[in-house]
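Commentary on secondary and tertiary structure
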Amino acid sequence: MSRQLHICFFPLMAQGHTIPAINMAKLFASRGLKTTIITTPFNADFHSKTINDSQNTGLDISTLVIKFPGVVAGMPEGCESPDLATTPEMVQKFYRATTMLDKPLENLLREYKPHCLVADVFFPWATAVAAKFGIPRIVFHGTGFFSLCASLSLLEYEPHEKVESDSEPFVVPNLPVEVILMRKQLPPYVRRNAQTEFAKVYRTGKESELGCFGVVVNSFYELEPDYADHYRMVLGRKAWHIGPISLLMDKIGGKGKRGRSRGFGDEHEFLKWLDLKEANSVVYICFGSMSSFSDAQLMEIAMGLEASGKQFIWVVKKERKEGVREEWLPEGFEKRMEGKGLIIRGWAPQVLILEHEAVGGFVTHCGWNSTLEAVCAGVPMVTWPLFAEQFYNEKLVTQILRIGVEVGAHKWERLAGDFVKREALEKAVCRIMDGEEVEGMRARARALSEMASRAIEEGGSSFSNLDAFIEDVRQLHGA
Ligand code: UDP
């Protein structure tokens with residue numbers, strides 16, 4: 001009998017990376033593999049419930065904890081996630097600290113000798129560490145094929161260095177279709193002269209794709225076939241698509257309480273509220289785990305939602321403090337919206353909300369996980385990208401898949417994005433909830449959702465690619 005394969009996952013300590021990595025581990029474990037998540041104490045704590053639950057269902061999944069050298073890099077104790085870094089300097093220190101994780105990783109690999117290491121793209125040095133023990137290193141980006149292709153094109157051809165201003169449109173070169181962007185939509189770290197710690201990590205991360213065993217992608221072929229082919233055949237990357245990983249949680253459990261549990265509230269209360277609503281009558285608004293809006297922007301969102309006249313669930317990353325007036329809310333807003341709009345303060349059970357039939361639209365920052373979760377639920381989107389690769393994902397949603405409309409955010413700004421006026425939000429929400437394009441968008445979104453389900457079924461494209469991945473690792477080890 002062949003030996004049980006052991007795969008270690010080492011995600012960046014951010015929700016958008018750790019949640020899919022844990023889900024990936026569960027997925028591999030559900031195929032009989034031994035899986036281990038490597039993370040830091042603070043993050044291990046956050047995710048312990050979901051991991052314990054999985055162990056209780058018999059999955060071979062465990063956690064190995066390594067100390068985060070944040071304090072050595074000049075960060076406060078316990079600041080082990082980029083969303084806890086509140087200033088640009090702290091973000092740089094955070095990424096500097098991640099580069100010091102190489103030694104602890106080396107010690108773990110020496111001790112546990114897994115057959116394969118799936119490490120985050122932001123840990124480019126992991127390839128060399130794994131190579132010391134003959135362990136193949138796989139890259140995990142946490143994004144889809146389209147944005148992987150777009151970002152590589154920008155790095156190679158630098159069209160943004162050839163325009164006169166930040167607002168001059170340019171074509172992203174060498175993609176299967178014409179995609180137009182502006183320099184102000186791009187992250188500062190793609191600029192030729194970017195010298196920050198993160199810019200270095202970003203570039204070396206991209207380069208490390210070619211030197212490693214391959215890339216595992218949380219997407220499915222039918223969603224972005226031209227870009228899955230382009231990435232492999234034109235850009236020459238070895239890749240396995242195994243997603244949508246969140247959809248697999250239907251089968252192996254855990255789609256409710258994922259990620260941060262603090263401030264979660266009662267998920268049944270939100271779902272019961274939705275149960276009273278008609279199909280496709282509620283718009284869901286959430287900007288992922290890292291966004292941080294000014295009070296003025298939150299106020300503008302509130303006014304835009306009220307003006308749209310639509311029912312809504314709006315997730316705001318703010319805690320309510322007894323007796324303190326919330327400056328970001330218009331006077332009497334919650335009273336006026338009673339029964340019509342619900343604000344979740346903190347962390348929402350996003351997948352459960354998106355899957356509820358009452359939800360007919362999603363205002364999203366286009367983080368890849370949120371985008372895929374909306375695709376799986378067949379829900380059209382208002383795209384409001386803020387930072388990271390979210391402006392590329394917006395193009396996929398609006399231009400290529402045609403299942404969303406842009407709110408008109410055009411400026412890349414870490415955590416906060418561009419300022420969007422209430423009228424723009426009102427108009428976009430009305431377009432995806434009952435505008436003339438809505439039937440077409442819903443039909444396309446529904447079709448993609450069905451394709452997503454088929455992709456993970458036995459014989460489906462992602463199911464087969466996962467088999468191929470396991471087989472490739474097995475062959476490498478003669479296991
Ligand atoms: N999420 C959630 N509840 C929240 C906010 C986010 O469950 O209140 C989940 C969301 O479902 C997704 C992840 O957190 O799986 C966010 O990842 P994404 O890539 O969309 O954005 P990021 O947080 O990385 O910007």
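Residues numbered from 1 in each chain as written. Predicted model: local features only at pLDDT ≥ 70, side-chain atom pairs only at ≥ 80, totals over all residues.

Digging into the site of the ligand
Around the ligand sit 19 residues in total, of which Gly16, Gly288, Ser289, Gly367 and Ser370 are the nearest. Split by residue class, the shell around the ligand holds eight nonpolar, nine polar and two charged. Each of domain 1 (6-243 + 456-477) and domain 2 (267-452) gives at least three residues to the shell around the ligand. (Near = placed C-beta within 6 Å. Nonpolar A, V, L, I, M, F, W, Y, C, P; charged D, E, K, R; others polar. Domains from an automatic or database assignment.)

Comments concerning the domain arrangement of the protein chain
Many structure descriptions define interface size as the accessible area lost when the parts assemble. As assigned here, the protein chain comprises domain 1 (6-243 + 456-477) and domain 2 (267-452). One C-alpha centre belongs to domain 1, the other to domain 2, and the line joining them spans 26 Å. The interface of domain 1 with domain 2 comprises 28 residues on the first partner and 24 residues on the second. Among the elements of the structure, α1 (15-30) and α6 (145-157) are those that each provide at least two residues to the side of domain 1 that touches domain 2. The residue inventory of the side of domain 1 that touches domain 2, partitioned by class, reads 14 nonpolar, 10 polar and four charged. (Contact = placed C-beta atoms within 7 Å. Helix = DSSP H or I, 4+ residues; strand = E, 2+ residues; numbered from the N terminus.)

Some remarks on the environment of His141
Among the structural elements, His141 can be located in the loop between β5 (137-140) and α6. A tally of 23 C-beta atoms within 10 Å means that His141 is categorised as buried. Through-space distance from the C-alpha of His141 to that of Leu12 is 9.6 Å; in sequence the pair is 129 residues apart. (Buried ≥ 20, exposed ≤ 12 C-beta atoms within 10 Å, placed from the backbone.)

A closer look at the pairing of strand β2 (residues 34-39)
In terms of residue burial, β2 counts as a mostly covered element, since six of its six residues are buried. What you see with β2 is no split at all: Lys34, Thr36 and Ile38 on one side and Thr35, Ile37 and Thr39 on the other are buried throughout.

Side note on the sheet that holds β2
Across the sheet, which stays open at both edges, the seven strands sit in the order β3-β2-β1-β4-β5-β8-β9 with parallel pairing between neighbours. In this open sheet, the two edge strands, each paired with only one partner strand, are β3 (61-65) and β9 (239-241). If you compare each strand with its neighbour and ignore which way they point, the axes differ by 25° on average. In the sheet, β2 pairs with β3 via five bridges, with the strands oriented parallel. If you follow Ile38 over to β3, its bridge partner there is Leu64. Of the strands in this sheet, β1 (6-10), β2, β3, β4 (116-120) and β5 are in contact with α1, which crosses β2 at around 165°. (Pairing = 2+ DSSP bridges. Axes fitted to C-alpha atoms, helices over the stretch in contact; angles between N-to-C directions.)

Concerning the pairing of strand β10 (residues 282-286)
Within β10, five of the five residues are buried, which leaves the element mostly enclosed by the surrounding structure. Side chains of β10 alternate between two faces, with Val282, Tyr284 and Cys286 and Val283 and Ile285 buried alike. Pairing analysis gives four bridges linking β10 to strand β11 (residues 311-316), with the strands arranged parallel. When the sheet's bridge partners are listed, Val282 is paired in β11 with Gln311. Each parallel crossover has a hand, and the one from β10 via helix α11 (residues 295-308) to β11 is right-handed. (Right-handed = clockwise from strand over helix to strand, strands pointing away.)

Some details on helix α4 (residues 102-112)
Residues Leu105, Leu108 and Leu109 constitute the buried set of α4. Buried residues in α4, looked at end-on, bunch into an arc of 95°, giving them a common side. Along α4, the residues that are exposed and aim more than 90 degrees away from the buried face are Lys103, Asn107, Arg110 and Glu111. Elements in contact with the buried residues of α4: β1, β2, β3, β4 and α5 (126-131). Positive backbone phi, at 45°, marks Lys113, one or two positions downstream of α4. (Arc of directions from axis to C-beta.)

A closer look at helix α2 (residues 41-56)
Taking 1.5 Å as the rise per residue, α2 with 16 residues should run 22 Å; its terminal C-alpha atoms sit 21 Å apart, in good agreement. Along its length, α2 shows its largest kink, about 55°, at His47. Among all positions in α2, only Asn43, Phe46, His47, Thr50, Ile51 and Ser54 are buried. Those residues of α2 hidden inside the fold are in contact with α1, β2 and β3. Gly58 occupies a position one or two residues after α2 and carries a positive phi of about 95°. (Expected span 1.5 Å × (residues − 1). Bend = angle between axes of the 7 residues up to and from the residue.)

Notes on the packing of helix α14 (residues 368-377) against helix α17 (residues 438-456)
Two numbers describe a pair of packed helices, the interaxial angle and the distance between the axes. Between α14 and α17, the least distance of the axes is 6 Å, while the angle of their chain directions is 100°. For the element pair α14 / α17, the angle class is roughly perpendicular. Residues Val375, Cys376 and Ala377 of α14 pack against Leu448, Ser449 and Ala452 of α17. Split by residue class, the contact of α14 with α17 holds five nonpolar, one polar and no charged. (Parallel < 35°, antiparallel > 145°, perpendicular 65-115°, else oblique.)

A look at the confidence of the model for the protein chain
With 96% of its residues at a pLDDT of 70 or more, the protein chain shows a mean pLDDT of 93. Every residue in residues 260-264 is under pLDDT 50, and counting partners more than four places away or in other chains gives 13 contacts. ipTM for the predicted complex: 1.00, alongside a pTM of 0.94. (pLDDT = per-residue confidence, 0-100.)

Digging into the nonpolar core
Phe9, Leu117, Ile138 and Tyr284 are the most contacted members of the largest nonpolar core, which totals 141 residues. Here the element with the most residues in this core is α1; it accounts for eight residues. Mapping this core onto the domain boundaries places at least three of its residues in each of domain 1 (6-243 + 456-477) and domain 2 (267-452). With sequence-adjacent residues up to four places away left out, Leu117 is seen in contact with Cys8, Phe10, Leu109, Ala126, Ala130, Ile135, Arg137 and Ile138. (Core = buried A, V, L, I, M, F, W, Y, C linked by C-beta atoms within 7 Å.)

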